[in-house]
Amino acid sequence: MNVHGTVAEGFEPVRDAFARNFTALGERGAAVAVYRDGRKVVDLWGGTRDVDDTAGTEPWRRGTAQVVRSATKGVAAAVPLLLHRRGELDLDAPVGEYWPEFKAHGKERVLVRHVLNHRAGLPVLDRPLTPEDALDPLRGPAAVAAQSPVWEPGTDHGYHALTYGWLLDELVRRVSGGRGAGQWIADEIAGPLGLDLWVGLPAAEEAAGRAGRVGRLDEPELSRSGSGPRLRPKRSVTEAYENPESLTRRAFAAITPFPDQNDPVYRAAALPAANGIATADGLARFYAALIGEVDGVTRDVRLFDRATMELARAEESAGPDRVLVVGTRFGLGYMLHGSASPFLGPGSFGHPGRGGSLGFADPEAGIALGYVTNGFRKTVTADPRAQALVRAVRASLTRGPSPS
């Protein structure tokens, strides 16, 4: 399998790990980009742009984008944090202060920060939305506003797999005069940075074929043989996903049935929890701009100042997650480094996407990484392919460039 692109001296382990993902872990099409101190040091891609051979075997090219699922959450989280920095959104105000209809059914004490740290108590909908309703910018927020919390808001945490998007999007609309998170990202994040990253794929980009087709991948034979990485989840996790009454199953079933992720209508909608489309470079550049300056379209751009960055990665929730049934750590909108979602080190923050994709930054190392794939697996927070790349970045930093 030919791997295309470049790596800076010292980052050769990332190229080796990326190639092994194809030969040992069944990767079909993917890309990875890494920035160090605002400079791109890894830019690799390989395989086919579509996961299914029946859809075509066109090769993955520089600039191929893919649906990144919940890696979208980390991008979307920047919007309320930037609004907070501008003095337009108070993280400690009740959500109902901005969104009066939200106060119903015992949600008066849900704070804005509870939306970002997954403590709002609203991971499920008693009446799941149809795909048509879910893609409507009004019906999703209305359903969340009509929902009663399943635990006392602020007292515990559990991953808001899909409801996170409607909560965040409506808050942004109320504060920004009707401009949703997808448009806000396009105008004030992706535009100035020149990112190939969208929450709501424009019709012109769809027509240009920028996004490949995603799909499920079988688990690699290596993992079944016992000679490869352990991919089998704990029994408690498996049971939670199989039980239709569990918070786990209900959280991921808030849209039933789940839309076809290759449908242009789905890709054109803005679901800040789940349907972002990005290149690996777009995702990596975004995170690089959270921790330092990156060259933009007209000027160097840094999205977060130091205070906002520290706010994003300060631990807000930790311990057993009532939805994911493993120990998770969250800051404000970002997963933090931990056993359930290992990043580069203790100070790292970012967000994985269910099935494989990953974006994160590590300020101490000056590293930002973006990984996108067209082949989704059962993993939720720590896909072996992404983890192999993270370990390779760590090894590269430890090893350093070869002596001249």
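The structure under discussion appears in the preceding block.
First, a word on what this report is: a plain description of the structure on this page. (Residues numbered from 1 in each chain as written. Predicted model: local features only at pLDDT ≥ 70, side-chain atom pairs only at ≥ 80, totals over all residues. Heavy atoms only, no water.)

Attention shifts here to helix α16 (residues 384–399). The end-to-end C-alpha separation of α16 is 22 Å, in line with the 22 Å expected for 16 residues at 1.5 Å each. Buried within α16 we find Pro384, Arg385, Ala386, Gln387, Ala388, Leu389, Val390, Ala392, Val393 and Ser396. Here the buried face of α16 lies against α1 (12–25), β2 (29–36), β14 (358–362), β15 (367–373) and β16 (375–376). (Helix = DSSP H or I, 4+ residues; strand = E, 2+ residues; numbered from the N terminus. Expected span 1.5 Å × (residues − 1). Buried < 20%, exposed > 50% of the residue type's maximum accessible area, 1.4 Å probe, protein only. Contact = heavy atoms within 4.5 Å.)

Further remarks concern the sheet that holds strand β7 (residues 277–278). One open sheet holds the three strands; their spatial order is β4-β7-β5, and the pairing between them is antiparallel. Only two strands of the sheet have a single partner each, and these edge strands are β4 (66–67) and β5 (197–198). As paired strands, β4 and β7 are joined by two bridges and run antiparallel to one another. Counted as the bridge partner of Gln66 is Ala278 from β7. (Pairing = 2+ DSSP bridges.)

Two elements in contact, helix α7 (residues 163–175) and helix α8 (residues 181–193), have axes separated by 8 Å at closest approach and are oriented at 65°. Between α7 and α8, the angle falls in the class roughly perpendicular. Between α7, through Leu168, Asp169 and Val172, and α8, the contact on the second element is made entirely by Ala181, Gly182 and Trp184. (Axes fitted to C-alpha atoms, helices over the stretch in contact; angles between N-to-C directions. Parallel < 35°, antiparallel > 145°, perpendicular 65-115°, else oblique.)

Right, let's talk about the nonpolar core for a bit. One finds Trp166, Ile189, Phe286, Phe304 and Tyr334 to be the most contacted residues of the largest nonpolar core, which totals 80 residues. Ranked by size, the runner-up nonpolar core spans 37 residues in total, among them Phe18, Tyr159, Leu344 and Phe360. (Core = buried A, V, L, I, M, F, W, Y, C linked by side-chain atoms within 4.5 Å.)

Here we take up the pairing of strand β13 (residues 349–352). Side chains Phe349 and His351 of β13 all project onto a buried face; the interleaved residues Gly350 and Pro352 project onto the opposite face, where all are buried too. The pairing of strand β12 (residues 335–336) with β13 spans two bridges and is classified as antiparallel. Paired with Met335 across the bridge in β13 is Gly350. Note: β13 against β14, four bridges, orientation antiparallel. Each residue of the ladder has a partner; that of Pro352, found in β14, is Leu358. The turn linking β13 back onto β14 is made up of five residues, and Gly355 within it adopts a positive phi angle of 105°.

Before going further, it helps to examine the packing of aromatic side chains. All told, the structure shown has 11 aromatic pairs when counted by the stated rule. Consider the rings of Phe258 and Tyr266, whose centres lie 6.1 Å apart with planes at 65°: the pair is edge-to-face. The exposure class of Phe258 is partly exposed, given its relative accessible area of 34%. For Tyr266, a relative accessible area of 1% puts it in the buried group. Relative to Phe349, the ring of Tyr334 has its centre 5.3 Å away and its plane inclined at 90°; by these criteria the two rings are edge-to-face. Here the residue Tyr334 occupies a position in the loop between β11 (327–330) and β12, and Phe349 occupies one in strand β13, the gap between them amounting to 15 residues. We note that Tyr334, like Phe349, is buried. Taken together, Tyr159, Tyr241, Phe252 and Phe330 form an aromatic cluster joined through their ring pairs. (Phe/Tyr/Trp six-rings, centres within 6.5 Å; stacked < 30°, edge-to-face > 60°.)

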